[in-house]
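Topology and contacts: notes
Okay, here's what each chain looks like letter by letter:
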There are 2 protein chains.
Amino acid sequence: MRMDPRKQNILLAIITDYIATAEPVGSRTIARKYRLGISPATIRNEMADLEEMGYIEQPHTSAGRIPSERGYRYYVDYLMKRQELTPEEEELVRQSYHQKVRDVGEVIQRTGQLLSQLTQYAAVVLPPKAAASCFKHIQLVQMGAEQAMLVAIMDSGAVHHRIIDIPSGITAADLEAISAVLNAKLQGRPMESIRLTLIKEIYFELSKQRRILELVMELLHDTLVRGSENRVYLTGLLNILNQPEFRHVEKVKTLLSILEQEDLLGNLLASDVGKEGVTVRIGREISCQQMSECSMVVATYSFKGRPLGTLGVLGPTRMDYAKVVTVVECLTKNLSQALERILG
Amino acid sequence: MRMDPRKQNILLAIITDYIATAEPVGSRTIARKYRLGISPATIRNEMADLEEMGYIEQPHTSAGRIPSERGYRYYVDYLMKRQELTPEEEELVRQSYHQKVRDVGEVIQRTGQLLSQLTQYAAVVLPPKAAASCFKHIQLVQMGAEQAMLVAIMDSGAVHHRIIDIPSGITAADLEAISAVLNAKLQGRPMESIRLTLIKEIYFELSKQRRILELVMELLHDTLVRGSENRVYLTGLLNILNQPEFRHVEKVKTLLSILEQEDLLGNLLASDVGKEGVTVRIGREISCQQMSECSMVVATYSFKGRPLGTLGVLGPTRMDYAKVVTVVECLTKNLSQALERILG
DNA sequence: CTTAGCACTCAACAGGTGAGAGTGCTAACA
DNA sequence: TGTTAGCACTCTCACCTGTTGAGTGCTAAG
């Protein structure tokens, strides 16, 4: 059996209606609402075909049809017309990005808020990956007798800090000296480079303060490998509870149990860093069992052409893809531009 | 009517049972389970008295009794026996605080996780208040052509950072010079002091770089007044969904809508900073309408005897106060000690 | 190929019923 | 006077049942 324009129209109608109402849609409804010029009976025949082809399914015998994952996929790939933002929404976006910005985290957070506000689903934003950014400045500051604070400022605008133990007897001047050497060697270098021969260079120059240096290197490496960059900005949990698919607490629980595992969510997003354009993952296309009834729409934002992180929207499979895709695309651009503006 | 020991025992039994089962408890149940040596009929009489006194109430005519807010209050104040941690739980706490700590935020976060894990309710932790802490180090770093990053390291272990616009023409050396002056003047001073005459002093010394100085002062002030310190660490949302009072999504929604307003939650906690010991707020004692069906147990943690912030547990009024109070007290101590250890 | 008509299916809802838990009251008892 | 057994009463909840309505598939006519 092949897809023909009439089948396409019917599938489009079914999906559109289901996205709007969350109710299984019957042949009658389509005939009445979507004026395709054919009778319910004909539509029924076509629907039987569409079901056989796997695009729609029936929750039970005497109910209407709902789109299957395959149906949504077909819709997203071939049928969907993007739905532009309303003037009010555009205005909201413009305003949000023209407020005074205080740091990168704030822009990212604000983007998350916008995402969830505009789509009414949950939003996730993965901040710039630390490993890919370069050192701008490194500073060691004495805290207690045997503690020092290590602060690393990256060119992505991220600031990493951590407390380290230092051997007693190290003076503020020593720390200053070490900071100076670290700065000289690491400034402008990507975080990844600290694994390399660089380390030896520094060791040589600072053979006296070996112990503390080891700690610093360990910390920097730590930040690189599993550092705070796996933090995820999550907004709009409340929105998602308004979706009828989360009427039952059980569903909410399974969803929340996923979202509480930041690392899992982080990896999910991280796997899409660098991809061109907007990616749509529907249901089980998300490689995560418990999220099989959700969809994600994600895109990568960048700075100076370099992909930095990803942002996305998370909602039920019955998601308003037409709108969400537009919003995600729009905000990806805006975020990239904002970063350009902030970081020069 | 006066409270006598028998009434107390019955009230204690009712509350204990209701906390355990979340079901209205009847006279029969008490007679069977709690062996007070009196018959259901007698218990009924006493219950009628307790109801008249306002300690318990009936959801409907033919149901058992449930404690009223006043009943919980009496319980917490006079009847409750604290429930010590099990050896396993103590071990868990010990382990958590003996892991290697990387910064203050991390200890705080871990404390939140422990709180929610041990109590099975939601946990909130208010990080150290910025205004009360002293500057340890200030650093300005050039980012783009017209942007600089301002980093302030506080003695509480907090690191504040923000991006500011700078007039073009400012060199890295200029920034370095400004940093030096700021450090000289502000080091060891509490954040609050920047409002004072200090500002004039610095202005005098740096009259050349007026523009950028204004920005820096503005930022510092900003951080003081409404800065990131109102961030709240929130954990264990998932736990709270297991409580039967949140079986219906509506309840979850109202709760979440509160918890999403970080500032509101922050203020709620902030109002208790500095109070001695553990504070229990039951139902409408929390000055927040929509949280009238919840209780909070909070305490203040400190560093060098100075109160820094608060931590607490949020759950339904039917909360296991005996356990929660112990846990909160225990973790307050542990957190204070951990900070002592980290910050020297 | 399309469509009207019809019999059939099934979820959802409303109304009715019985069981069970719990109460308050009363009268008997220590 | 305080305690207790007994009893009638109330109310929720779970269960059943019949009804309604939406929707289908099939068939036969257009």
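Residues numbered from 1 in each chain as written. Chains lettered and ligands numbered in written order. Predicted model: local features only at pLDDT ≥ 70, side-chain atom pairs only at ≥ 80, totals over all residues. Heavy atoms only, no water.

1. Comments concerning the side chain of A:Gln243
All names here are of chain A. Relative to the helices and strands, Gln 243 resides in the loop between helix H10 (237-241) and helix H11 (249-259). In this structure Gln 243 comes out as buried when scored by relative accessible area, which is 11%. A polar atom in the side chain of Gln 243 sits 3.0 Å from the side chain of Arg 318. With residues near it in sequence (within four places) discarded, Gln 243 still touches Gln 120, Tyr 121, Pro 316 and Arg 318. (Helix = DSSP H or I, 4+ residues; strand = E, 2+ residues; numbered from the N terminus. Buried < 20%, exposed > 50% of the residue type's maximum accessible area, 1.4 Å probe, protein only. Polar contact = N/O pair within 3.5 Å; in protein donor to acceptor, adjacent residues only side chain to side chain. Contact = heavy atoms within 4.5 Å.)

2. Here we look at the relation of the copies chain A and chain B
Note on the copies: chain A fits chain B at an RMSD of 0.1 Å, the axial shift is 0.0 Å, and the rotation between them is 180°. Taken together, the rotation and translation describe the operation of a two-fold axis. When C-alpha positions in chain A are compared against the rotation axis, the closest is assigned to A:Val249, at 2.9 Å. A share of 100% of the interface residues of chain A reappears at the interface of chain B, consistent with the copies meeting face to face through the same patch. (Least-squares fit on C-alpha atoms with pLDDT ≥ 70 in both.)

3. Here we look at the interface of chain A and chain B
Counting residues at the interface gives 45 residues for chain A and 46 residues for chain B. Regarding the contact of chain A and chain B, the summed buried area is about 3800 Å², with carbon and sulfur atoms giving 62% of it. The interface formed by chain A and chain B holds 0 salt bridges in total. The interface formed by chain A and chain B includes 11 residue pairs in polar contact (both at pLDDT 80 or more). For the side of chain A that touches chain B, the secondary structure elements donating two or more residues are strand S4 (135-142), strand S5 (147-154), strand S6 (159-165), helix H9 (210-226), H10, H11 and helix H13 (321-343) of chain A. When grouped by side-chain class, the residues that make up the side of chain A that touches chain B number 19 nonpolar, 12 polar and 14 charged. (Buried area = accessible area lost by both parts, 1.4 Å probe. Salt bridge = Lys/Arg side-chain N within 4 Å of Asp/Glu carboxyl O. Nonpolar A, V, L, I, M, F, W, Y, C, P; charged D, E, K, R; others polar.)

4. Some details on the protein's contact with DNA strand D
Taken together, 21 residues surround DNA strand D, and among them A:Ser27, B:Arg6, B:Thr42, B:Thr61 and B:Ser62 come closest. When the atoms of DNA strand D within 4 Å of the protein are sorted by group, sugar and phosphate make up 73%. Here a base oxygen of DNA strand D and a side-chain polar atom of B:Arg44 are 3.3 Å apart. For the surface near DNA strand D, the elements supplying multiple residues, two or more each, are helix H2 (27-34) and helix H3 (40-52) of chain A together with helix H3 (40-53) of chain B. Examining the composition of the surface near DNA strand D, we find that 4 residues originate from one element, H3(B), more than from any other. In the surface near DNA strand D, the residues fall into 4 nonpolar, 13 polar and 4 charged. (Near = heavy atom within 4 Å.)

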